[in-house]
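Residues per chain are reported as follows:
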Amino acid sequence: MRARMALSYADIKVELREVLLSDRPKELYDASLKGTVPVLQLADGTVIDESFDIMVWALNQTDTDWKDLDLDKQLAIIKINDEDFKPWLNKYKYHIRHPDHPRKYYQEKCDETLFQYESVLKDNHYLMGDKPQWADVAILPFVRQFAHVDLPYFESAYPKLNQWLEEWKISDLFQSIMKKYIQWQPDHDPLIISFGS
């Protein structure tokens, strides 16, 4: 989601191959042995198979204003999100697979990060201040995932973060990447799209 948002924001055309994780094609593994999405293969054959790295590449292709406010702080926030919050989020979402602790335990571990976002949003419209930045978009999908595990809890515990999330969900940028595409098959004609158009 965040990779697509960056590609959309930069108005980059791609050949889209929509895959189902329950039915991963051989071609996905040919491009990246990890077999996970997203994967971006550049014209020169370079493969980028991490969503953050795809964002970096996409934003380097355009004169972005997503880096206007304290880029070092943004990168630090994204690092905490990806390295600290995300592993706890995965255990929270799939707590049945992680029986060492109850779901509440993983929820509280996620709370340690989310409470910081909530605190910032009490005084700011976005995580970095008064305008959307890279950090907002990089973190958005994971906040959304957390919210959908227990929406009543999220709405009650994080009113400001919930408002931030809802505003992003109705934004043109978010809506630009939410169109559904059919599952790619090797015999399909190339589907060239720009998410932003």
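Shown above is the structure to which this text applies.
Residues numbered from 1 in each chain as written. Predicted model: local features only at pLDDT ≥ 70, side-chain atom pairs only at ≥ 80, totals over all residues. Heavy atoms only, no water.

Peer 1: I'm lost on the nonpolar core in this one. Help?
Peer 2: The nonpolar side chains of a soluble globular protein tend to be buried, and buried together. One finds F146, L161 and W164 to be the most contacted residues of the largest nonpolar core, which totals 52 residues. The greatest single-element share of this core, amounting to ten residues, is contributed by helix 6 (residues 134–149). For L161, the residues in contact, after removing those within four places along its chain, are L114, Y117, E118, L121, V143 and F154. (Core = buried A, V, L, I, M, F, W, Y, C linked by side-chain atoms within 4.5 Å. Buried < 20%, exposed > 50% of the residue type's maximum accessible area, 1.4 Å probe, protein only. Helix = DSSP H or I, 4+ residues; strand = E, 2+ residues; numbered from the N terminus. Contact = heavy atoms within 4.5 Å.)

Peer 1: It is not clear to me how the packing of helix 4 (residues 71–93) against helix 6 should be interpreted in this structure. Could you clarify?
Peer 2: In contact at an axis separation of 9 Å, helix 4 and helix 6 are set at 20° when each is read in the N-to-C sense. Viewed along their axes, helix 4 and helix 6 adopt a mutual orientation that is roughly parallel. Crossing geometry of helix 4 relative to helix 6 is assigned as left-handed. Contact residues: L71, Q74, L75, I77, I78, N81, D82, F85, K86, L89, Y92 and K93 in helix 4; W134, A135, A138, I139, F142, Q145, F146 and V149 in helix 6. (Axes fitted to C-alpha atoms, helices over the stretch in contact; angles between N-to-C directions. Parallel < 35°, antiparallel > 145°, perpendicular 65-115°, else oblique. Left-handed = near helix turned anticlockwise from the far one by under 90°.)

Peer 1: Mind showing me how you'd approach the packing of aromatic side chains here?
Peer 2: Throughout the structure, instances matching the rule amount to 13 aromatic pairs. With a centroid separation of 5.7 Å and an interplanar angle of 40°, the aromatic rings of F154 and Y158 are classed as tilted. For the pair formed by F154 and Y158, the shared burial category is buried. Ring pairs connect the aromatic residues Y92, F115, F146, Y153, F154 and Y158, which therefore count as one cluster. We note R97 situated over the ring of Y94; from NZ or CZ to the ring centre the distance is 4.3 Å. (Phe/Tyr/Trp six-rings, centres within 6.5 Å; stacked < 30°, edge-to-face > 60°. Lys NZ or Arg CZ within 6 Å of the ring centre and 35° of its normal.)

Peer 1: Looking at this structure, how should I read helix 3 (residues 51–60)?
Peer 2: Helical periodicity: at 3.6 residues per turn, an α-helix aligns residues three or four positions apart in one direction. Of the residues making up helix 3, those classed as buried are S51, I54, M55, A58 and L59. Down the axis of helix 3, the buried side of the element spans an arc of 125°, and every buried residue falls inside it. In the core, the buried residues of helix 3 are packed alongside helix 1 (2–9), strand 2 (40–41), strand 3 (47–48) and helix 6. (Arc of directions from axis to C-beta.)

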